[in-house]
Amino acid sequence: YLKYGNSLYNCKQLKKIGFGKMCKEIKKLNTPLIFLEKIRCQIKKIPKIDPHRKILLVGGSSNTGKSCLMNKLTRVNDLKKNPKKKTKFLMLGHLINKFWTWQIIDTPGITNWNLNSLTSIEMQFVVA
């Protein structure tokens, strides 16, 4: 656009129009960008799993002691603060021995085994 500006005034006007168009497009993208930021925050909570190590996935029904088992094996002691706390997302711990290292993944419990009516928290267990 600047090649069409004959004077400094015309160049400033073209610059102003260009910034206006850019701001208009950015405002259109505001809602998707907020959605992507929320997804980024959720992905940040997913533990980093090493695919070259052995993995033990602890899953099952609600209130069966999956988190207690993981805390005893990995010495994470996450439940010391609140013993009635329910697992809301995947938790990762490591069990280290002299010869090998296991990654232990604690999953949320599933109360309803119908795949059509699972909550997002319960679906994390199924996907894992």
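Anything mentioned here points back to the structure above.
The sections below set out a description of the structure shown in this document. Each chain has its residues counted from 1, running along the sequence as written. In keeping with the predicted nature of the model, local features appear solely for residues at pLDDT of at least 70, side-chain atom pairs appear and are counted solely at 80 or more, and the whole-chain, interface and lining totals rest on all residues. Working from all heavy atoms in the structure, the side-chain values ignore hydrogens and water.

Helix and strand labels come from DSSP, where a helix needs a run of H or I of at least four residues and a strand needs a run of E of at least two; each type is numbered from the N terminus. Of regular secondary structure, the protein chain possesses four helices and three strands. N-terminal to C-terminal, the α/β element order of the protein chain is α-α-β-α-β-β-α. Note on contacts: a residue pair qualifies if any of its non-hydrogen atoms lie within 4.5 Å across the two residues. For the protein chain, restricting intrachain contacts to residue pairs at least 6 apart in sequence, the fraction spanning at least 24 positions comes to 45%. Each accessible area value is a Shrake-Rupley result obtained with a 1.4 Å probe; residue values ignore everything except the protein chains displayed when judging cover. A total of about 10500 Å² of accessible surface is found on the protein chain, and carbon and sulfur atoms cover 61% of it.

The next thing to look at is the pairing of strand β2 (residues 91-96). Along any regular strand the residues' side chains alternate between the sheet's two faces. Direction of pairing for β2 relative to strand β3 (residues 101-106): antiparallel, over a ladder of six bridges. In the strand pairing of β3, L92 is matched with I105. A pair of strands is labelled paired if DSSP reports no fewer than 2 bridges between them.

To continue, consider a nonpolar patch on the surface. Among the surface-exposed residues, L29, L33, F35, L36, I39, I43 and I46 lie close enough to one another that they form a single nonpolar patch of about 670 Å² accessible area. Using a relative accessible area of 47% as the deciding quantity, one classes I46 as partly exposed. Residues enter patches when they are more than 30% accessible in relative terms and free of salt bridges; like-charged ones are connected within 9 Å and nonpolar ones (Val, Leu, Ile, Met, Phe, Trp, Tyr) within 5 Å. Salt bridges are identified by distance alone: a Lys or Arg side-chain nitrogen within 4 Å of an Asp or Glu carboxyl oxygen. Only protein chains enter the area calculation, which uses a 1.4 Å probe; residues under 20% of their type maximum are buried, those over 50% are exposed, and those in between are partly exposed.

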